[in-house]
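What follows is the residue order along each chain.
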Amino acid sequence: NAGVTQTPKFRILKIGQSMTLQCTQDMNHNYMYWYRQDPGMGLKLIYYSVGAGITDKGEVPNGYNVSRSTTEDFPLRLELAAPSQTSVYFCASSYWQGILNTGELFFGEGSRLTVL
Amino acid sequence: DQQVKQNSPSLSVQEGRISILNCDYTNSMFDYFLWYKKYPAEGPTFLISISSIKDKNEDGRFTVFLNKSAKHLSLHIVPSQPGDSAVYFCAARSNAGNMLTFGGGTRLMVKP
């Protein structure tokens, strides 16, 4: 019963390096999301996807890219890492067909990224 | 500008007493509100929700109240237990799609 799985759990990057955070879900959910949580702050939406092949920007997309080639996978790419990208990243998924659904989001355990 | 605000960063309550966590929002287009609970080193987990057409939803020890005119919701936990100690996030969904806007969270500490 895996749910939403994120890798890696921890990573230290040097300024200017690139990396990809992996996210996969086994619940056949149509929606997937990437959020970041900074210390003492709430979760801010980076990118989301409403289905395979469709992605859109959230509140804080600068410095990130995503792709959704399959229903299950939604990787987040960081290009040219900066100290401002030091954060905890959460991937989430949900099944939503309209306002009659509760649309509850299921979250992964998070990936803690430090950029030095 | 924060559309969802939790003005109390922390709350300390004695075991057995009531915990009341508050949340304010500004966007009238929000149609659904959720509370998530988060333990350290874990992802947030869903706790309880309420539709904008209701004013109360109850699930065991947890009750959420919605006051639409005041754009305010609250989560009541009765009785509070030490295992309830966590960070609680209020979230709101726009009727334009299933995207959640989160508040900054309130850290609840329940003392034995």
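See above for the structure.
Residues numbered from 1 in each chain as written. Chains lettered and ligands numbered in written order. Predicted model: local features only at pLDDT ≥ 70, side-chain atom pairs only at ≥ 80, totals over all residues. Heavy atoms only, no water.

S.K.: Can you walk me through the state of the cysteines in this structure?
M.R.: What we call a disulfide is simply a covalent bond connecting the sulfur atoms of a pair of cysteines. Scanning all chains against the criterion turns up two disulfides over all chains. A sulfur-sulfur distance of 1.8 Å marks the disulfide that ties C23(A) to C91(A). Its S-S torsion of about -75 degrees marks the bond between C23(A) and C91(A) as left-handed, since a negative value means left-handed. Taken as a pair, C23(A) in strand β3 (residues 19–25) and C91(A) in strand β9 (residues 87–94) lie far apart in primary sequence, 68 residues in all. In this model C23(B) forms its disulfide with C90(B); the gap between the sulfur atoms is 2.0 Å. Measuring the twist about the S-S bond at about -70 degrees, one finds the C23(B)-C90(B) disulfide to be left-handed. On the criterion of sequence distance, the pair formed by C23(B) in strand β3 (residues 19–25) and C90(B) in strand β9 (residues 86–94) is long-range, its members being 67 residues apart. Overall, C23(B) belongs to the buried group, its relative accessible area being 0%. (Disulfide = S-S within 2.5 Å. Helix = DSSP H or I, 4+ residues; strand = E, 2+ residues; numbered from the N terminus. Buried < 20%, exposed > 50% of the residue type's maximum accessible area, 1.4 Å probe, protein only.)

S.K.: Got a minute to help me understand the side chain of R36(A) in this structure?
M.R.: All names here are of chain A. Position of R36 relative to the elements: it lies in strand β4 (residues 31–37). Exposure remark for R36: the relative accessible area of 11% places this residue in the buried category. A polar side-chain atom of R36 sits 2.9 Å from a polar atom in the side chain of D38. Here the side chain of R36 touches S84 through a polar contact of 2.7 Å, landing on its backbone oxygen. (Polar contact = N/O pair within 3.5 Å; in protein donor to acceptor, adjacent residues only side chain to side chain.)

S.K.: I'm lost on unusual backbone geometry in this one. Help?
M.R.: Peptide bonds are mostly trans, and most non-glycine residues show a negative phi. Residue and element names in this part refer to chain A. The peptide bond linking T7 to P8 adopts the cis configuration, its omega dihedral lying at -5 degrees. Summarising the element assignment, P8 is placed in the loop between β1 (4–7) and β2 (10–13). Although it is not a glycine, N28 adopts a positive phi angle of roughly 60 degrees. For N28, the location among the structural elements is in the loop between β3 and β4. The class of N28 is exposed, set by a relative accessible area of 58%. A positive phi angle, near 50 degrees, is found at L80, a position not held by glycine.

S.K.: How should the sheet that holds strand β1 (residues 4–5) of chain B be read in this particular structure?
M.R.: In any sheet, the strands associate via hydrogen bonds between backbone groups, in a parallel or an antiparallel arrangement. Residue and element names in this part refer to chain B. Strand order in the open sheet formed by five strands is β1-β3-β8-β7-β6, with antiparallel pairing between adjacent strands. Each edge of the open sheet carries a strand with a single partner, namely β1 and β6 (56–59). By the bridge criterion, six bridges tie strand β7 (residues 62–67) to strand β8 (residues 72–77) in an arrangement that is antiparallel. Counted as the bridge partner of N67 is H72 from β8. (Pairing = 2+ DSSP bridges.)

S.K.: Is there a simple way to think about the pairing of β4(A) in this case?
M.R.: Looking along a regular strand, one sees the side chains alternate between the two faces of the sheet. Residues and elements named next belong to chain A. Along β4, seven of the seven residues are buried, which leaves the element largely enclosed by surrounding structure. Where burial is concerned, the two faces of β4 agree: the one with Y31, Y33, Y35 and Q37 and the one with M32, W34 and R36 are both buried. Both β4 and β9 contribute to a ladder of seven bridges, which runs antiparallel. What sits directly across from Y33, in β9, is A92. The pairing of β4 with strand β5 (residues 43–51) spans six bridges and is antiparallel. Bridging across to β5, Y35 finds its partner in L45.

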